[in-house]
There are 2 protein chains.
Amino acid sequence: MSLPASVRIVEVGARDGLQNEKTIVPTATKIELIDRLSACGLQTIEATSFVSPKWVPQLADAAEVYTGIAKREGVGYPVLVPNEKGYDRAREVGVTEIAVFSAASEAFNRKNINASIDESIERFLPVLERAHADGVKVRGYVSTVLGCPYQGEVPVADVVRVAERLHALGCYEVSLGDTIGVGTPEKARSMLRAVAEAVPMQALAVHFHDTYGQALANIHACLEEGVAVVDSAVSGTGGCPYAKGATGNVATEDVVYMLEGMGIATGVDLEALAQTGLWLSAELGRSTSSRVAKAIASH
Amino acid sequence: MSLPASVRIVEVGARDGLQNEKTIVPTATKIELIDRLSACGLQTIEATSFVSPKWVPQLADAAEVYTGIAKREGVGYPVLVPNEKGYDRAREVGVTEIAVFSAASEAFNRKNINASIDESIERFLPVLERAHADGVKVRGYVSTVLGCPYQGEVPVADVVRVAERLHALGCYEVSLGDTIGVGTPEKARSMLRAVAEAVPMQALAVHFHDTYGQALANIHACLEEGVAVVDSAVSGTGGCPYAKGATGNVATEDVVYMLEGMGIATGVDLEALAQTGLWLSAELGRSTSSRVAKAIASH
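Each value, and the rule that gives it
- Residues numbered from 1 in each chain as written.
- Chains lettered and ligands numbered in written order.
- Predicted model: local features only at pLDDT ≥ 70, side-chain atom pairs only at ≥ 80, totals over all residues.
- Heavy atoms only, no water.
- UniProt positions renumbered as here; feature names shortened; annotations may be inferred.
- Helix = DSSP H or I, 4+ residues; strand = E, 2+ residues; numbered from the N terminus.
- Rg over C-alpha atoms; globule rule 2.2 N^0.38 Å.
- Buried < 20%, exposed > 50% of the residue type's maximum accessible area, 1.4 Å probe, protein only.
- Contact = heavy atoms within 4.5 Å.
- Salt bridge = Lys/Arg side-chain N within 4 Å of Asp/Glu carboxyl O.
- Axes fitted to C-alpha atoms, helices over the stretch in contact; angles between N-to-C directions.
- Parallel < 35°, antiparallel > 145°, perpendicular 65-115°, else oblique.
- Left-handed = near helix turned anticlockwise from the far one by under 90°.
- Nonpolar A, V, L, I, M, F, W, Y, C, P; charged D, E, K, R; others polar.
- Pairing = 2+ DSSP bridges.
- Least-squares fit on C-alpha atoms with pLDDT ≥ 70 in both.
- Buried area = accessible area lost by both parts, 1.4 Å probe.
- Polar contact = N/O pair within 3.5 Å; in protein donor to acceptor, adjacent residues only side chain to side chain.
- Core = buried A, V, L, I, M, F, W, Y, C linked by side-chain atoms within 4.5 Å.

Under an unreviewed UniProt entry, the name given to chain A is hydroxymethylglutaryl-CoA lyase, and the source organism is Oleiagrimonas citrea. Comment text from UniProt for chain A, heading Sequence similarities (unreviewed entry), reads "Belongs to the HMG-CoA lyase family."

Shown next as structure tokens:
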């Protein structure tokens, strides 16, 4: 057990969160959200996704959002890029960091993009090559690392293989995502430990959804393994496309509260973050999923 | 680290939970709740409190509830008893297990019962003596073990002292409660470790509130220390009297999901428990605080 001294949080609320909310959020609100988040001290804020607007209408304003945000010194604003077309659109507005993604589950890939894992990776190879040539940083996401809505169990070996591949292809960091939130602490720990034998722990992040309430406990187990990058979404935005009404991403407020309480530095102003989350929840017309924000609001 | 092979859950929803709900629940509903909980496989179900009805009107029907429940073979139904008068009322209806309580915080005791910790323990000594003579089992609660709404920090030494005293006075089990839910995993771990130097781990339980969303992570850290008894409330009933609108007890459904996912046996039928929690939430006219129940309901 070696708890990290500090953790970098990758705030995914503006993309992973809003993408899975029913409400269509105005572009100006998205820009305000990201600017407020950077003012809270967050160092990495996933800004949007240059996916086809036909697929994800919530993020059709990707270019306007990216152009509109105040780029704060020292803050990274990665954007999701699914293919070369998305890469072109992202580069047109000056994006310097992208994220690519693949599931660890064959069934999930097959169902979602009608391709095997290997085929899906082949498809974004040109994006990776161009990013490398352009000096654009690339983050990799591996989804369904602890379970799949279609095939159920996902072999750890598959997670390791995909994570290793993304890292070998030049992703500076690979985020391991429990997309449907079914994992529990010791499964999360074993999976992370196995991946860390193939990819250095410093190049790994964990990404938990709180569908079954396990996210913080899973993060706790992974911190004990030494992971020092955690994805989360302010206010716990986003639901689960596979379970309507279920809880979404783990709330950044709750993650920061835990980390700071454990003596692990995050650089985040929790009070400002909680106020940002409460403001966002009001904009979305829903109550916050952050229990820290609820507690702070109740005082 | 030595995770236990099995965990006994002490279900506190019918007492700690309902006591802190705004809704007054009909006696018949309480009885149905407890009977449903025992049918789910829970071995210890805190049934009610024989506190003065003037103080806690929600539990004025303690005798009727206790009399009305179907006592299932092998299931314990402890009841809270604050003083000899409560003990008399409990014994009149055949109670065979009671629970007594003290805060670890001097300020909390002073504010709540206008007595020091030592004075408060003196006050229930006659109850402990009579219970011992009557062959009545006694469980002890120590509250405010990780923080106090009045004094803030609570020294671990105070927690150790109160827990040790309750154990020495004959409590077969001492439950350590983070009453206001402010604790984080490593603080919970250190506190438990310190107490376990004075009281055997087998005689300790942990009791977390999810006010700041930390309960499962805290339980995870305490399981690693070897604790094998966990208090929780179905549907996460109960709020926080010190933070209106905040989250209450950790939900039993979420605890069971985590434990079973870690390969730790609980003997609880999670599906039946989730249905019981959803039924209770409907009776209370509120949504469940269990994320597992939300996920199950959404399928």
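What follows continues from the structure just given.
Peer 1: Is there a simple way to explain the overall build of chain A in this structure?
Peer 2: Of regular secondary structure, chain A possesses 12 helices and 9 strands. Here the C-alpha atoms of chain A give a radius of gyration of 18 Å, agreeing with the 19 Å that 2.2 N^0.38 yields for 299 residues. Counting only residues that meet the buried cut, chain A has 61% of its 299 residues in that class. Taking contacts inside chain A between residues at least 6 apart in sequence as the whole, the part at least 24 apart equals 75%.

Peer 1: How should the pattern of salt bridges be read in this particular structure?
Peer 2: Two side chains with opposite charge may pair up if their charged atoms get near one another. Applying the stated rule across the entire model yields 42 salt bridges over all chains. Counted as one network, the salt bridges with shared partners bring together E186, R189, R193, E224 and E225 of chain A together with E186, R189, R193, E224 and E225 of chain B.

Peer 1: Even after reading the chapter, I still don't get the packing of helix α4 (residues 84–92) of chain B against helix α6 (residues 117–134) of chain B, so can you show me in this structure?
Peer 2: A pair of packed helices is characterised by two quantities: the angle between their axes and the separation of those axes. Residues and elements named next belong to chain B. At a closest axis distance of 9 Å, the pairing of α4 and α6 adopts a crossing angle of 30 degrees. In terms of their interaxial angle, α4 and α6 are classed as roughly parallel. Viewed along their axes, α4 and α6 form a crossing whose handedness is right-handed. The residues of α6 that touch α4, namely those facing E84, Y87, D88 and R91, are P126, V127, R130, A131 and D134. Of the residues that constitute the contact of α4 with α6, the class distribution is 4 nonpolar, no polar and 5 charged.

Peer 1: Whenever I open this one, the sheet that holds strand β1 (residues 8–11) of chain A confuses me. Can you help?
Peer 2: In a beta sheet, neighbouring strands pair by backbone hydrogen bonds and run either parallel or antiparallel. Residue and element names in this part refer to chain A. Spatial strand order, β2-β1-β9-β8-β7-β6-β5-β4-β3: 9 strands in an open sheet with parallel pairing. Sheet topology places β2 (44–45) and β3 (48–49) at the edges, where each strand pairs with a single neighbour. Sheet contacts for helix α10 (residues 252–261): β1 and β9 (229–232); angle to β1, the most-contacted strand, approximately 175 degrees.

Peer 1: What is the right way to read unusual backbone geometry from this model?
Peer 2: Glycine aside, negative phi is the norm for most residues, and most peptide bonds take the trans geometry. Residue and element names in this part refer to chain A. For N114, which is not glycine, the phi torsion reads 50 degrees and is therefore positive. Mapping N114 onto the fold places it in the loop between α5 (106–113) and α6 (117–134). Although it is not a glycine, T144 sits at a positive phi angle of roughly 50 degrees. Take T144: it is sitting in the loop between β6 (137–143) and α7 (156–168). A residue is classified by how much of its surface remains accessible, and T144, at 0% relative accessible area, is buried.

Peer 1: Whenever I open this one, the UniProt feature "domain: Pyruvate carboxyltransferase" (unreviewed entry) in chain A confuses me. Can you help?
Peer 2: Using the residue numbers shown here, the UniProt feature "domain: Pyruvate carboxyltransferase" (unreviewed entry) corresponds to residues 7–274 of chain A. Between the end C-alpha atoms of residues 7–274 of chain A the distance is 18 Å, and the span holds 42% helix and 15% strand.

Peer 1: Which parts of the structure should I look at to understand the relation of the copies chain B and chain A?
Peer 2: What connects the two chain copies is a rotation about an axis and a shift along it. Mapping chain B onto chain A calls for a screw motion: a turn of 180 degrees about the axis and a shift of 0.0 Å along it, with 0.0 Å RMSD after fitting. With respect to symmetry, the two chain copies, as superposed, fit the operation of a two-fold axis. If distances are taken from each C-alpha of chain B to the rotation axis, the shortest is found for A217 of chain B, at 1.9 Å. Here 100% of the contact residues of chain B are again contact residues in chain A; the copies associate through an equivalent surface.

Peer 1: Explanation requested: the interface of chain B and chain A in the structure shown.
Peer 2: Quite often, the size of an interface is put as the accessible area lost when its parts meet. Each partner contributes residues to the interface: chain B has 36 residues there, and chain A has 36 residues. Overall, the association of chain B and chain A removes approximately 2900 Å² of surface from exposure, summing both partners, and the carbon and sulfur fraction of that is 59%. Three residues, Y212, Y257 and R291 of chain B, lead the burial of chain B against chain A; their summed loss comes to 23% of the area buried on that side. In this assembly, chain B and chain A are joined by 4 salt bridges. Across the pair E224 of chain B and R189 of chain A runs a salt bridge whose closest N-O atoms are separated by 2.6 Å. If you look at where chain B meets chain A, you find 13 residue pairs in polar contact (both at pLDDT 80 or more). Mapped by element, the contributors of at least two residues to the side of chain B that touches chain A are α8 (185–196), α9 (215–224), α10 (252–261) and α12 (291–297) of chain B. Tallying contributions element by element places α9 of chain B first for the side of chain B that touches chain A, with 5 residues.

Peer 1: Looking at this structure, how should I read the nonpolar core?
Peer 2: The tendency in soluble globular proteins is for nonpolar side chains to be buried side by side. Of all hydrophobic cores here, the largest spans 94 residues; its most connected members are I98 and L176 of chain A. Ranked by residue count, the leading element in this core is α6 of chain A, at 7 residues. Not counting residues up to four positions away in its chain, the partners in contact with L176 of chain A are V142, V145, V159, A163, M191, L192, V195, L204, A205, V206 and H207 of chain A. One finds V65, A103, F108 and L280 of chain B within the second-largest nonpolar core, a separate group that totals 83 residues.

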